[in-house]
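# A look at the structure
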Amino acid sequence: MIAKYSNQINKHYLFSVAPMMDCTDRHFRVLMRQISKKALLYTEMVVAQALQHSNRLDRLLGFDEIEHPIALQLGGDDPKLLAEAARIGEDWGYDEINLNIGCPSPRVVSGNFGASLMGNPEQVAQCIEAMTDATNIPITVKHRLGIDNLDSDELLINFIDLVHQAGAKRFAVHARKAWLNGLNPKENRNIPPLEYERVEKLKEIRPNLIIELNGGIRNLEDCLKALIKLDGAMVGRAAYEHPLRWSKVDELVYNQAPKVIKASSIINQLIPYAEKHQIKNGRLWDIGRHLLNLVQEVPGARGWRRDLSLKAQSSSADPKVLEEAAQQLKKAGL
Ligand SMILES: Cc1cc2nc3c(=O)[nH]c(=O)nc-3n(C[C@H](O)[C@H](O)[C@H](O)COP(=O)(O)O)c2cc1C
């Protein structure tokens, strides 16, 4: 089945790891980069306003060279602030700036950005135009199919057309609407049904636009299926919860030479990175917490995770903890 789909693919950033607050920080991205050299990796959303405080820039924007290609996701609704934030992102070396028009969190919506901006395409267009004018890297958007009762294909196409004319280079579409009144963010990621056919229709109507599918992609086969009709597949939860599930992305999506990627070798590769982090007074747990999902559904997985959690959370933990964790896995052939 997988071979059947993989022959039909041939474009751009075919696979990306979605922006996720508290998940896709720099350490998780470095982990994902051990699994795919090609995937586009997104940051967590950074509120444009936060970048006005220059003493916080390293914490908000710092990343490791190995993370390229990497997109900085911004949140905001003020064209001037977003343009300035995009310019700062470009200076820091990001490959692309993405504007979040899909987040239904009440905190974000009360600031009148995130998903609520879908109801105001003219303002999104102004933001995109200002960001495009301020930078030389692609400006892209991530959005929903609609919000509340503003949910028709007509409105969606109007949104996309305006935002495209303003300069947006790619549309990552979370293939469900969001209910801003009534559902919390978690419910909004699960309860409104996925409507892939509406995203496919969008691509049929606007074949020249680059349209990436997001929402509910659980494995490589789902991803390859999405790529038959659409330009990219963006994976969120299934990448965080099962990072090794994507170990054949480069081979099957990007036609790279096959490679065996094991949990033990990933952890070993992260040791020099963990040493650098420690020198900067970083805690081992910042990295270790993301490694727990590398080992699942095999005998001893639970004990291994418990052991790593305990040791990596200790305030005196150093990268030797990772060395031991990798050794245990290697012994088990993992
Ligand atoms: C914990 C968590 C945090 C998220 N944070 C963001 C965010 O910062 N920006 C954003 O555009 N989407 C965010 N999302 C939404 C995801 O990017 C994605 O659109 C959504 O999870 C659907 O994709 P999936 O089914 O592959 O997970 C978040 C999702 C989760 C689970």
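### Notes on the sheet that holds strand E5 (residues 139-144)
Spatially, eight strands are ordered E1-E2-E3-E4-E5-E6-E7-E8 in a closed barrel, and the strand pairing comes out parallel. Strand-to-strand twist in this sheet, taken as the mean axis angle between neighbours without regard to direction, amounts to 25 degrees. Across the sheet, helix H4 (residues 79-91) is in contact with strand E3 (70-75), strand E4 (96-101) and E5; its angle to E3 comes to roughly 160 degrees. Against the sheet, helix H6 (residues 121-134) contacts E4 and E5, and its axis sits at roughly 165 degrees relative to E4.

### Focus on the site of the ligand
Taken together, 23 residues lie near the ligand, and Ala18, Met20, Met45, Gly236 and Arg237 sit nearest. Only strand E2 (40-47) and helix H11 (237-241) provide two or more residues apiece to the shell around the ligand. The class makeup of the residues in the shell around the ligand is ten nonpolar, eight polar and five charged.

### Description of the domain arrangement of the protein
Its domain assignment divides the protein into domain 1 (2-252) and domain 2 (263-331). Inter-centroid distance (C-alpha atoms) of domain 1 to domain 2 is 29 Å. On the domain 2 side, the residues contacting the eleven residues of domain 1 number twelve residues. Counting only elements with at least two residues in the side of domain 1 that touches domain 2, the list comes to helix H2 (26-35) and H11. In terms of residues, the side of domain 1 that touches domain 2 owes the most to one element, H2, which gives five residues. Its residues placed into classes, the side of domain 1 that touches domain 2 shows six nonpolar, three polar and two charged.

### Topic: the pairing of E4
Counted residue by residue, E4 has six buried out of six residues, so it is predominantly covered. Across the two faces of E4 the burial is the same, with Glu96, Asn98 and Asn100 and Ile97, Leu99 and Ile101 all buried. One ladder, built from four bridges, connects E3 with E4; its direction is parallel. What sits directly across from glutamine 73, in E4, is asparagine 98.

### Overview of the nonpolar core
In this structure, Leu82, Ile128, Met131, Cys223 and Ala233 are the most contacted members of the largest nonpolar core, which totals 97 residues. Per element, the largest residue contribution to this core is seven residues, and it comes from H6. In terms of domain composition, this core takes at least three residues from each of domain 1 (2-252) and domain 2 (263-331). Excluding residues within four positions of it along the chain, methionine 131 makes contact with Leu82, Ala83, Ala86, Ile97, Leu99 and Ile139.

### Remarks on unusual backbone geometry
Glycine aside, residues mostly have negative phi, and peptide bonds are mostly found in the trans state. Proline 69 follows histidine 68 through a cis peptide bond whose omega is -5 degrees. Structurally, proline 69 can be placed in the loop between helix H3 (57-61) and E3. Look at aspartate 148: it is not a glycine, yet its phi comes out positive at around 40 degrees. Relative to the elements of secondary structure, aspartate 148 occurs in the loop between E5 and helix H7 (153-165). Positive phi is not limited to glycine here, since asparagine 255 has a value of about 55 degrees.

Rules of the game
- In every chain, residue numbers begin from 1 and rise along the written sequence.
- Selection of residues for local features in this predicted model requires a pLDDT of at least 70, selection of side-chain atom pairs for listing and counting requires 80 or more, and totals for whole chains, interfaces and linings are taken over all residues.
- Any two strands with at least two DSSP bridges between them are considered paired.
- Runs of H or I in DSSP of at least four residues are treated as helices and runs of E of at least two as strands, each being numbered from the N terminus.
- Lines are fitted to the C-alpha atoms to define the axes, a helix being fitted only along its stretch in contact, and any angle between axes, read from their N-to-C directions, falls within 0 to 180 degrees.
- C-beta atoms are placed from the backbone for every residue, and two residues are taken to be in contact when these atoms lie within 7 Å.
- Using a C-beta atom placed from the backbone, a residue is described as near a molecule or strand when that atom lies within 6 Å of it.
- For this scheme, ten residues count as nonpolar: Ala, Val, Leu, Ile, Met, Phe, Trp, Tyr, Cys and Pro. Four count as charged, namely Asp, Glu, Lys and Arg, and the remainder, Gly too, count as polar.
- All the domain ranges listed were derived from an automatic or database domain assignment.
- Put simply, a residue is buried when 20 or more other C-beta atoms lie within 10 Å of its own C-beta and exposed when 12 or fewer do; between those, it is partly exposed, and each C-beta is set from the backbone.
- Buried Ala, Val, Leu, Ile, Met, Phe, Trp, Tyr and Cys residues whose C-beta atoms connect them within 7 Å together make up a nonpolar core.

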